[in-house]
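# Topology and contacts: notes
The chain contents come next:
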Amino acid sequence: MLDEVRPSEAGAGEAEFEPGEGAHPLFRDSPDSVSFKKLRKRLLRQARETLQTYAMVRPGARWLVGLSGGKDSYTLLALLVDLQWRGLLPVDLLACNLDQGQPNFPKHILPDFLTRHGVPHRIEYRDTYSIVKEKVPEGATTCALCSRLRRGNLYRIAREEGCEALVLGHHLDDSIETFFLNMLHGGKLSAMPAKLLNDEGDLTVLRPLIRSSEEDIARFAEAMRFPIIPCDLCGSQKGLQRSALKTFLADLDRRFPGRKETIGRSLSSVKPSHLLDPALFDFANLHPQRDETP
């Protein structure tokens, strides 16, 4: 545990989130502006609400936090260590980056960042890049295979490290985009859940940022000056379905402000009786109730 003076647990949730002394090392150089403090509080509140709503926390558990080097995973890590430092997240955290062998990947950035800020971590090298390039035809989308290989390795690392959960930085926009992709291209209503049990049943996948907007996360990451590492394998591909959908949703939100938040709320307010799936609602036994009294 870091050599920091912690606030007492009583009232810790109401404590001011002041930068500088008395903060986790990650926040020692954070902005001192009112706008940043409000943004930080909002993201922390949303993360806490998500952790509580979906019963994610088991005191004493060990979590593997996926760190890609993008804005989402940096923000996830910062919020989790902040909550842990304040005594509001009683779990052990292990940050993990999977170096997938992408050309020109800056191997020093994440280890230097994590070591400098006193964050326990593991850096794993697995050349999944070569597998993706070998298996996926030129010009085809690499995301699906890349994601499966990355997830499989992270599951393995979580087991090796005695972790019960893999924690990922997906946010509200990711879940909304997944919902529309599944509906438009898969013919099903499903999104990106906040909490998921893996197929083997021995690990949970947690997404504490699932209620937070990508815009807020981007602003937070920029203000914190995280050393962002772009994804040169799939992030640079053009014409992806998700990219097209992201553009569509951004345009929708510009024309009708607040629509993305409304769509996000709808994902947690479902009425099976007003859909068409007989496996979710007993339509067969739905009959009018008549008064049989003569």
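The structure we're discussing is the one just above.
Procedures and definitions
- Residues numbered from 1 in each chain as written.
- Predicted model: local features only at pLDDT ≥ 70, side-chain atom pairs only at ≥ 80, totals over all residues.
- Heavy atoms only, no water.
- Helix = DSSP H or I, 4+ residues; strand = E, 2+ residues; numbered from the N terminus.
- Buried < 20%, exposed > 50% of the residue type's maximum accessible area, 1.4 Å probe, protein only.
- Pairing = 2+ DSSP bridges.
- Expected span 1.5 Å × (residues − 1).
- Contact = heavy atoms within 4.5 Å.
- Phe/Tyr/Trp six-rings, centres within 6.5 Å; stacked < 30°, edge-to-face > 60°.
- Lys NZ or Arg CZ within 6 Å of the ring centre and 35° of its normal.

### Some points on unusual backbone geometry
- We note that Ala 55 has phi near 45 degrees; this positive angle belongs to a residue other than glycine.
- Locating Ala 55 in the fold gives a position in the loop between α1 (34-53) and β1 (62-66).
- Of note in this structure, Asn 104 is not a glycine but carries a positive phi near 65 degrees.
- If you trace the backbone, Asn 104 turns up in the loop between β2 (92-99) and α3 (109-116).

### Focus on the pairing of strand β3 (residues 121-125)
- Residues Arg 122 and Glu 124 line the buried face of β3, whereas the alternating positions His 121, Ile 123 and Tyr 125 sit on a face that is not buried.
- Note that β2 and β3 share five bridges and pair parallel. Residue pairing across strands places Asp 99 opposite Tyr 125, the latter belonging to β3.

### A short note on α1
- Given a rise of 1.5 Å per residue, 20 residues ought to cover 28 Å, and the 28 Å separating the end C-alpha atoms of α1 matches this to within 8%.
- Turning to α1, its buried residues number three or more, namely Phe 36, Lys 37, Leu 39, Arg 40, Leu 43, Leu 44, Gln 46, Ala 47, Thr 50 and Leu 51.
- Looking at the packing, one finds that the buried side of α1 touches β1, α2 (71-85) and α7 (214-224).
- Once α1 finishes, Ala 55 follows within two positions and takes phi at roughly 45 degrees, a positive value.

### Points about the packing of aromatic side chains
- The tally for this structure, following the rule as stated, stands at eight aromatic pairs.
- Consider the rings of Tyr 74 and Phe 226, whose centres lie 4.9 Å apart with planes at 10 degrees: the pair is stacked. In this pair, Tyr 74 is assigned in helix α2 and Phe 226 in the loop between α7 and α8 (241-255), connecting sequence segments 152 residues apart. The pair formed by Tyr 74 and Phe 226 is uniform in burial state, with each residue classed as buried.
- Ring geometry for Phe 220 versus Phe 226: centroids 6.2 Å apart, planes at 55 degrees, classification tilted.
- Among the residues examined, Phe 226 registers a relative accessible area of 7% and is labelled buried.
- Looking at Arg 40, its charged tip hangs above the ring of Phe 27, at a distance of 3.7 Å from the centre.

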